[in-house]
Amino acid sequence: MRVPVPLRRAYKLINHGPTTLITSEAGGRRNVMSAAWVMAVDYDPAKLVAVIAAGTFTRKLIEQSGEFVVNVPTLKLIEVVYAAGQGSGEDDDKFAAYGLTTSPASIVGAPLVEDCAAWLECRVVPEPHMQERYDLFVGDVVAAWADDASFVDGLWRFERPESRTLHHLSSGAFVTSGDIVKVKP
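A short tour of the structure in this document, coming up. (Residues numbered from 1 in each chain as written. Predicted model: local features only at pLDDT ≥ 70, side-chain atom pairs only at ≥ 80, totals over all residues. Heavy atoms only, no water.)

### Notes on the nonpolar core
What counts is decided by this rule: The term nonpolar core refers to a set of buried residues drawn from Ala, Val, Leu, Ile, Met, Phe, Trp, Tyr and Cys, joined through side-chain atoms within 4.5 Å. Categorising residues by exposure relies on relative accessible area from a 1.4 Å probe, with only protein chains included: less than 20% of the type maximum marks a residue as buried, more than 50% marks it as exposed, and the intermediate range marks it as partly exposed. It only takes one pair of heavy atoms within 4.5 Å for two residues to be counted as in contact.
If you look at the biggest cluster of nonpolar residues, it comprises 28 residues, and the most contacted ones within it are Leu13, Ile22, Leu48 and Leu120. Dropping the residues within four chain positions of it, Leu120 is found in contact with Ala10, Leu13, Ile14, Leu48, Phe68, Val69, Val70, Val72, Val141 and Ala143. Counting residues in hydrophobic clusters, the runner-up holds 20 residues, among them Val69, Leu100, Ala143 and Phe174.

Here's what the structure looks like:
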């Protein structure tokens, strides 16, 4: 079940470096793309950055709406994660093509992708220089959610293999999050 995560703790949802699915919506059109280069940059207020290449359909939608969602997919969605990074979505509905189930976000217009471990709803912080020169989009995290079976008491627990998050290596190769190892005091 999806449960809210306090915004001050939202960085914990992506600080382990997962590959993500970024969703966007504007003017009645929506899209989903894969993104490996997403990271937290602040926790109070919660902010993240995502690399979204110039000329992509997702970027056009984000520039129009000023919003996006960072979805943290699980192993269950590995084929979708790979496929979503291969095509534009401008001429095809990727959600229908990949059989994705979505839910409305609580604050932004972009949808949440089901079967993910976490979701971060974001509003763009205008940084034209970074967007144009580096394709970096800063997002104010306005709502954060996690799957209560995987994110418990503010910590990840990857007890079921299918609930593990993905980490892209290259050329369609991924690793999944693994066992939790703690430092002994």
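### Considering the pairing of strand 2 (residues 20-26)
Residues in a regular strand project their side chains so that they alternate between the two faces of the sheet. Filter applied, for reference: Secondary structure elements follow DSSP: runs of H or I of four or more residues count as helices, runs of E of two or more count as strands, with numbering from the N terminus. Pairing between strands is defined by DSSP: at least two bridges between the two strands are required.
In terms of residue burial, strand 2 counts as a mostly covered element, since 6 of its 7 residues are buried. Hairpin connection, strand 2 to strand 3 (residues 29-35): the antiparallel pair is bridged by 2 residues, and Gly27 has positive phi, about 60°. In the sheet, strand 2 pairs with strand 6 (residues 67-73) via 3 bridges, with the strands oriented antiparallel. Considered in strand 6, the bridge of Thr23 is made with Val69.

### Observations regarding the packing of aromatic side chains
Quick note on the threshold: Side-chain rings of Phe, Tyr and Trp, where Trp is taken by its six-membered ring, are said to pair if the distance between their centres is within 6.5 Å; with planes under 30 degrees apart they count as stacked, over 60 as edge-to-face, and otherwise as tilted. A ring is scored as having a charge over it whenever the NZ atom of a lysine or the CZ atom of an arginine sits within 6 Å of its centre and within 35 degrees of its normal.
By the definition in use, this model includes 3 aromatic pairs. Ring plane angle 50° and centroid distance 6.0 Å describe the contact between Tyr11 and Tyr43, whose orientation is recorded as tilted. In this pair, Tyr11 is assigned in the loop between strand 1 (2-4) and strand 2 and Tyr43 in strand 4 (residues 38-43), connecting sequence segments 32 residues apart. Chaining the aromatic ring pairs together yields one cluster made of Phe151, Trp156 and Phe158. Against the face of Trp119 rests Arg2, its NZ or CZ located 4.6 Å from the ring centre. The lysine or arginine in question, Arg30, covers the ring of Phe95, its NZ or CZ lying 4.1 Å from the ring centre.

### Description of the side chain of Lys94
The condition is simple: Charged residues are defined here as Lys and Arg on the positive side and Asp and Glu on the negative side; His and the ends of the chain fall outside this count. Salt bridges are defined as contacts in which a side-chain nitrogen from Lys or Arg sits within 4 Å of a carboxyl oxygen from Asp or Glu. We define a polar contact as two N or O atoms separated by no more than 3.5 Å, with the added condition that, inside protein, one atom must be a possible hydrogen donor and the other a possible acceptor, whereas residues neighbouring each other in sequence contribute only through side-chain atom pairs.
Among the secondary structure elements, Lys94 is positioned in helix 3 (residues 94-97). Although Lys94 is buried, it makes no salt bridge; Asp92 carries the closest opposite charge, 9.1 Å away. At 2.8 Å, the side chain of Lys94 forms a polar contact with the backbone oxygen of Ala84. Setting aside residues no more than four positions away along its own chain, Lys94 makes contact with Asn31, Val32, Met33, Ala84, Gly87, Ser88 and Gly89.

### So, the pairing of strand 3
Most of strand 3 sits out of view: 5 of its 7 residues are buried. One ladder, built from 7 bridges, connects strand 2 with strand 3; its direction is antiparallel. What sits directly across from Glu25, in strand 3, is Arg30.

### Digging into the environment of Leu61
Checked against the element boundaries, Leu61 lands in helix 1 (residues 57-65). Given the relative accessible area of 2%, Leu61 is considered buried. On a C-alpha basis, the gap between Leu61 and Gly178 in space is 34 Å, while along the polypeptide they are 117 residues apart. Excluding anything up to four places from it in sequence, Leu61 contacts Ser24, Glu25, Ala26, Arg29, Arg30 and Asn31.

### Some remarks on the pattern of salt bridges
Tallied over the full model, the rule gives 11 salt bridges. The partner of Asp140 in a salt bridge is Lys47, with the nearest N and O atoms 2.9 Å apart. Note that Asp140 is positioned in strand 10 (residues 136-147) and Lys47 in strand 5 (residues 46-51), a separation of 93 residues in sequence. Since its relative accessible area comes to 21%, Lys47 is described here as partly exposed. Here Asp135 and Arg59 are joined by a salt bridge, their closest N and O atoms 2.6 Å apart. Of the two residues, Asp135 sits in the loop between helix 4 (128-134) and strand 10 while Arg59 sits in helix 1, which places them 76 residues apart along the sequence. Put simply, Arg59, Glu63 and Asp135 are held in one network by salt bridges that share partners.

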